[in-house]
Amino acid sequence: MSTEILKDIICPQCGEAQKYRLFASINAQENPELKQQALEETVFDWRCQRCNYFAAMAYPFLYMDPQARYVICVTPGGGGQAAEPTEAVEDFVKRRVKNLAELKEKILIFDSGLDDVAVEVVKNALCTIIKNKYTANRVHAYFSRVQEGNMEFAIFVPGQPEPAYHSTRMEVYQQSQEVLRTLDFLDPPGFATIDARLARGIIEQYQAT
Ligand SMILES: [Zn+2]
């Protein structure tokens, strides 16, 4: 079940005492409306009922989908310890992310029935192409969906206000799965961080074989 905590806060703009609803955990099955908020990246949002002041907080919480059997530990900023997995989620896929954008991406990946490690390997290849195209050092790609046999990604390039959308054929994903099979890749224990850095390590290891 989802666990919510009500906290008293004072609106920093008008001074009105109010409640702020925090979630220690979100259960996507029991609270589809909270899953929707996660997908809209609005879980942390708070609005003053008196003066309409808006603030986005940041705090750690667990997002779990018992039916799809995964649990994601959100630790804003990446600091602090990830939660210890309980026995109930021992055989779930366990991930750790540092913001709501990453949480949203994981949900979209797992809801599409994909392996996020292979998706990161695809993103690694895609980002290399994009970096050359835009002569940018850092680009961020987020999985968005599978459409007509293609994987679609939103690419954020520094200095560009809007994301660019790129797609890649599913064969690239299948090749990435093959890379992981060749390396006998196993999920790291506990809440694993599956990101661009991990993908780079996998590619380096693969090229060295
Ligand atoms: Zn207010």
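Here the structure is a predicted model, which means the values were calculated and not measured.

(A) Up close: the domain arrangement of the protein. According to the domain assignment, the protein contains domain 1 (3–111) and domain 2 (116–207). Taken residue by residue, the interface counts 12 residues in domain 1 and 11 residues in domain 2. Broken down by secondary-structure element, the contributors of at least two residues to the side of domain 1 that touches domain 2 are strand E7 (93–97) and helix H2 (100–111). The dominant element in the side of domain 1 that touches domain 2, judged by the number of residues it contributes, is H2, at 5 residues.

(B) Just the sheet that holds E7, in detail. An order of E1-E2-E5-E6-E7 is seen for the 5 strands of this open sheet, with the pairing classed as mixed. The open sheet has two edge strands with one neighbour each: strand E1 (3–10) and E7. The mean angle between the axes of side-by-side strands here comes to 25°, regardless of whether they run parallel or antiparallel. The pairing of strand E6 (residues 70–74) with E7 spans 5 bridges and is classified as parallel. Each residue of the ladder has a partner; that of Val 74, found in E7, is Val 97.

Calculation rules
- Residues numbered from 1 in each chain as written.
- Predicted model: local features only at pLDDT ≥ 70, side-chain atom pairs only at ≥ 80, totals over all residues.
- Domains from an automatic or database assignment.
- Contact = placed C-beta atoms within 7 Å.
- Helix = DSSP H or I, 4+ residues; strand = E, 2+ residues; numbered from the N terminus.
- Pairing = 2+ DSSP bridges.
- Axes fitted to C-alpha atoms, helices over the stretch in contact; angles between N-to-C directions.

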